[in-house]
Amino acid sequence: MPYSTNTGFFKTKDGRCWEVNTGPNLSPLYTDILQRLVGQLEAMESHYARVFCFRFDLHLTEYTDNSTTVSRLFSLVVQALKRRYKTPNIGYLWVREHEKAKQQHYHCVFFLDGSKVNHFNTIQTTIDDYWAAFEGGHVQGCGFKVLPRGDSHAKAEIIYWLSYLAKVRGKANGKGKRYRPSQTKRYGVSRVKMKAKNCALVDKKEKPHTDDIFTSLAFVGRGS
């Protein structure tokens, strides 16, 4: 069974700590999703001086016991955006949730080269067009943020903002009913590889000190 946390802080495998959107009165967060989220954000940071993060939700018209449609959507949109922006790397994460509505919904984020993308209009239009073509549900944009490479304050804010996607609520069992079939994945994630020579976190001199991160947490990432 996947591990979860509700301490308000999350430690990555290399020992750095980040504030996340949970606590005693909030839904716990799955740590495996948080690890993959931070990993893909930092992989994109290693390739690009600026990472453009676009968050959106997908709503379906009917319940399905799998996520085939969403997987297909991401495959097509990634291909289209790579052609549009002439970029080899696009990161993403989607999570499946099912609570009170009859059908499930998905929380999603795209990570793109921020030197080529400075607004989400083209991205959302591309998603809208594909989603309308084979689902008929609607896409809800949830804003964007930009990560300049090596900016630990901006990263702390983005990780807090996106950590909502990892919440346990809606992803497993509820009120005696299994909302997500056991064979259906809780999330899907890209596989962008780290480009070590350009990663600001590889050189120990550039690695943010844990104390600095904790100091910054008091004024960044509070759901802004």
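Data block above holds the structure.
Residues numbered from 1 in each chain as written. Predicted model: local features only at pLDDT ≥ 70, side-chain atom pairs only at ≥ 80, totals over all residues. Heavy atoms only, no water.

Describing the packing of aromatic side chains
Tallying each qualifying case throughout the model produces 11 aromatic pairs. Ring centres of Phe 52 and Phe 144 lie 5.0 Å apart, and the angle between their planes is 20 degrees; this geometry places the pair in the stacked category. Linking Phe 52 in strand β5 (residues 50–59) with Phe 144 in strand β8 (residues 138–148), this pair joins segments that are 92 residues apart in sequence. Look at Phe 52 and you get buried, because its relative accessible area is 1%. With a relative accessible area of 33%, Phe 144 lands in the partly exposed category. Judged by centre distance (5.0 Å) and plane angle (45 degrees), the rings of Phe 74 and Tyr 92 are tilted. Separated by 18 residues along the polypeptide, Phe 74 in helix α2 (residues 68–85) and Tyr 92 in strand β6 (residues 91–97) bring together distant segments of the chain. Neither Phe 74 nor Tyr 92 differs from the other in exposure class; each is buried. Among the aromatic residues, those joined into a cluster by ring pairs are Phe 52, Phe 54, Phe 56, Phe 74, Tyr 92, Phe 110, Phe 120 and Phe 144. (Phe/Tyr/Trp six-rings, centres within 6.5 Å; stacked < 30°, edge-to-face > 60°. Helix = DSSP H or I, 4+ residues; strand = E, 2+ residues; numbered from the N terminus. Buried < 20%, exposed > 50% of the residue type's maximum accessible area, 1.4 Å probe, protein only.)

Examining the packing of helix α1 (residues 31–47) against helix α4 (residues 152–162)
The geometry of α1 relative to α4 is characterised by a closest axis approach of 11 Å and an angle of 140 degrees between their N-to-C directions. Here α4 runs oblique to α1, going by the angle between their axes. You can see that α1 and α4 cross each other, and the crossing is right-handed. In contact with Leu 37, Val 38, Leu 41, Glu 42 and Glu 45 of α1, α4 contributes Lys 155, Ile 158, Ile 159 and Leu 162. In terms of residue class, the contact of α1 with α4 is built from 6 nonpolar, no polar and 3 charged. (Axes fitted to C-alpha atoms, helices over the stretch in contact; angles between N-to-C directions. Parallel < 35°, antiparallel > 145°, perpendicular 65-115°, else oblique. Left-handed = near helix turned anticlockwise from the far one by under 90°. Contact = heavy atoms within 4.5 Å. Nonpolar A, V, L, I, M, F, W, Y, C, P; charged D, E, K, R; others polar.)

Topic: α2
Because each turn of an α-helix spans 3.6 residues, side chains separated by three or four positions end up pointing in the same direction. Over its 18 residues, α2 runs 26 Å from end to end, which matches the ideal 26 Å to within 8%, given 1.5 Å per residue. Taken as a whole, α2 has its buried residues at Val 70, Leu 73, Phe 74, Leu 76, Val 77, Val 78, Ala 80, Leu 81 and Tyr 85. Residues of α2 that are buried sit in contact with β5, β6, β7 (105–113) and α3 (121–134). A positive backbone phi angle near 50 degrees is found at Lys 86, which sits one or two residues after α2. (Expected span 1.5 Å × (residues − 1).)

A word on the environment of Tyr 187
Tracing the backbone shows Tyr 187 in strand β11 (residues 187–189). Since its relative accessible area comes to 15%, Tyr 187 is described here as buried. Along the backbone, Tyr 187 and Lys 171 are 16 residues apart, and their C-alpha atoms lie at a distance of 9.1 Å.

Describing the pairing of β7
The buried fraction of β7 is high, at 9 of 9 residues. Bridge count for β5 against β7 is 9 bridges, and the pairing is antiparallel. Across the sheet, the residue bridging to His 59 is His 105, located in β7. The pairing of β6 with β7 spans 7 bridges and is antiparallel. Each bridged residue has a counterpart across the sheet, and for Leu 93 the counterpart in β7 is Val 109. (Pairing = 2+ DSSP bridges.)

Points about a positive patch on the surface
On the surface, Lys 13, Arg 36, Lys 185, Arg 191 and Lys 193 cluster together into a patch of positive charge. When you line up the elements, Lys 13 lands in the loop between β2 (9–11) and β3 (17–19). (Patch = residues over 30% accessible without salt bridge, like charges linked within 9 Å, V, L, I, M, F, W, Y side chains within 5 Å. Areas by Shrake-Rupley, 256 points an atom, 1.4 Å probe, with all protein chains shown as cover. Salt bridge = Lys/Arg side-chain N within 4 Å of Asp/Glu carboxyl O. Lys, Arg positive; Asp, Glu negative; His and termini not counted. Charge placed at Lys NZ, Arg CZ, Asp CG, Glu CD.)

What to know about α1
Compared with the 24 Å implied by 1.5 Å per residue over 17 residues, the 25 Å span of α1 between its first and last C-alpha is a close match. For α1, the set of buried residues is Ile 33, Leu 34, Leu 37, Val 38, Gln 40, Leu 41, Glu 42, Ala 43, Met 44, Glu 45 and Ser 46.

Details of the nonpolar core
Among the nonpolar cores identified, the biggest contains 31 residues, and Leu 41, Leu 93 and Phe 111 are the most heavily contacted of them. Listing elements by their share of this core, those giving two or more residues are β4 (29–30), α1, β5, β6, β7, α4 and β11. Looking at which element gives the most residues to this core, the answer is α1, with 7 residues. Setting aside chain neighbours within four positions, we find Phe 111 in contact with Leu 37, Gln 40, Leu 41, Met 44, Val 51, Phe 52, Cys 53, Ile 90, Gly 91, Tyr 92 and Leu 162. In terms of nonpolar packing, the next biggest core, distinct from the first, is built from 24 residues, Val 78, Tyr 92, Phe 110 and Ile 123 among them. (Core = buried A, V, L, I, M, F, W, Y, C linked by side-chain atoms within 4.5 Å.)

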